[in-house]
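Coordinates in review
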Amino acid sequence: MNSLKVKNNLLSALDYCILLFCKEKAFYSDVIKLVPYEILKNVSMTRVTLAASEELVDELDSEAKRRGITLYSLTNTSLASMVQLLKLGKPPETLVALVKYIELSEALRLIPVTDWFIENLISELYKANKEKLFELCEKTGDQLATFLTGYAPTLEELVKTFDTVKHILPLKSLYMKESDGGFIITILGSGFNLESTECSAIIAKKVFESYGLKINEVKPNAGGVIVLKGNYSEHADASMQAT
């Protein structure tokens, strides 16, 4: 662990040098001890103790230098963001999910719209031209599958990506289990009405087929529940199970 006395004030050049000196002198095996209070007792500012891995501190320091800001400023901005997230009642992992979501949304050029708009738009399209709607859903599935197989080449990586961002997605869970020599995939939270869930089921089928799975049965249910049944192909990872 890398533990330093960090002051609630912008570090002066002299103070920074003192801390660097203390860091060098405080090395003991792989552990950096707390900077002794006596060394900094003449520095007239409030101090707090923060603990982080040495690797993380090095990365923060590198990012601060790259951006032309102080490590103090970057650390406080980061901590302030986490505090705001916690005040909303969200788990700390949500911040990691947001970072991953930003990466994915930029790559896929996602546009934020309300679920009410999507649900009603799909319902109207379903009434006007069901076949055309399903054709659009299939094309969307093809596009998403192409991106995901490049971003997460294996089923295991796909599930890990989902586990990372599921805190901020409408999808509540994705579960895959063995069944009669094949598998059953259950997806929860893919829509509200049956029309939007049918569209989501078509997209899901395209995505999983792109990973070498053979989908034999697709069962969408109102309320956003999708059940996919099928068999593994020789290219699929039969040992993969997701929760």
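Residues numbered from 1 in each chain as written. Predicted model: local features only at pLDDT ≥ 70, side-chain atom pairs only at ≥ 80, totals over all residues. Heavy atoms only, no water.

**Remarks on a negative patch on the surface**
- A cluster of acidic side chains, namely E54, E55, D58 and E59, defines a negative patch on the protein surface.
- Taking relative accessible area as the criterion, E59 reaches 45% and is therefore assigned partly exposed. (Patch = residues over 30% accessible without salt bridge, like charges linked within 9 Å, V, L, I, M, F, W, Y side chains within 5 Å. Areas by Shrake-Rupley, 256 points an atom, 1.4 Å probe, with all protein chains shown as cover. Salt bridge = Lys/Arg side-chain N within 4 Å of Asp/Glu carboxyl O. Lys, Arg positive; Asp, Glu negative; His and termini not counted. Charge placed at Lys NZ, Arg CZ, Asp CG, Glu CD. Buried < 20%, exposed > 50% of the residue type's maximum accessible area, 1.4 Å probe, protein only.)

**A word on the sheet that holds strand β5 (residues 173–179)**
- Spatially, four strands are ordered β5-β6-β8-β7 in an open sheet, and the strand pairing comes out antiparallel. The open sheet has two free edges, formed respectively by β5 and β7 (213–221), since each of these has just one partner strand. Each strand of the sheet is rotated relative to its neighbour by a mean of 20°, with strand direction disregarded.
- Inspection of the sheet shows strand β6 (residues 182–188) paired to strand β8 (residues 225–232) by six bridges, in the antiparallel sense. Looking across to β8, one finds that F183 is bridged to G230.
- Helix α9 (residues 194–209) contacts β5, β6, β7 and β8 of the sheet and is inclined by roughly 170° relative to β7. (Pairing = 2+ DSSP bridges. Helix = DSSP H or I, 4+ residues; strand = E, 2+ residues; numbered from the N terminus. Axes fitted to C-alpha atoms, helices over the stretch in contact; angles between N-to-C directions. Contact = heavy atoms within 4.5 Å.)

**Quick word on the layout of surface pockets**
- By volume, the largest pocket is sized at about 2,200 Å³.
- If you go around the largest pocket, you meet 48 residues; those closest to its centre are L110, L144, L169, P170 and I203.
- For the lining of the largest pocket, the elements supplying multiple residues, two or more each, are α5 (93–108), α6 (115–128), α7 (130–151), α8 (155–165) and α9.
- It is α7 that contributes the most residues to the lining of the largest pocket, eight residues altogether.
- For the lining of the largest pocket, the per-class residue count stands at 34 nonpolar, eleven polar and three charged. (1 Å grid on protein atoms, 1.4 Å probe; cavity = no way out; pocket = protein on both sides within 12 Å on 5 of 7 lines; lining within 4 Å. Points joined across faces, edges and corners; volume = space filled by probe spheres on them. Nonpolar A, V, L, I, M, F, W, Y, C, P; charged D, E, K, R; others polar.)

**Details of the nonpolar core**
- In terms of nonpolar packing, the biggest core is built from 31 residues, with I185, F208 and L213 touching the most fellow members.
- Secondary structure elements with two or more residues in this core: α7, α8, β5, β6, α9, β7 and β8.
- No other element matches α9, which puts seven residues into this core. (Core = buried A, V, L, I, M, F, W, Y, C linked by side-chain atoms within 4.5 Å.)

**Description of α5**
- With 16 residues, α5 extends 22 Å from end C-alpha to end C-alpha; this agrees with the ideal 22 Å at 1.5 Å per step.
- For α5, the complete set of buried residues consists of T94, A97, L104 and S105. Buried residues along α5 cover an arc of 100° about the axis, so they all sit on one side. For α5, exposure combined with an orientation more than 90 degrees from the buried face picks out V96, V99 and E106. (Expected span 1.5 Å × (residues − 1). Arc of directions from axis to C-beta.)

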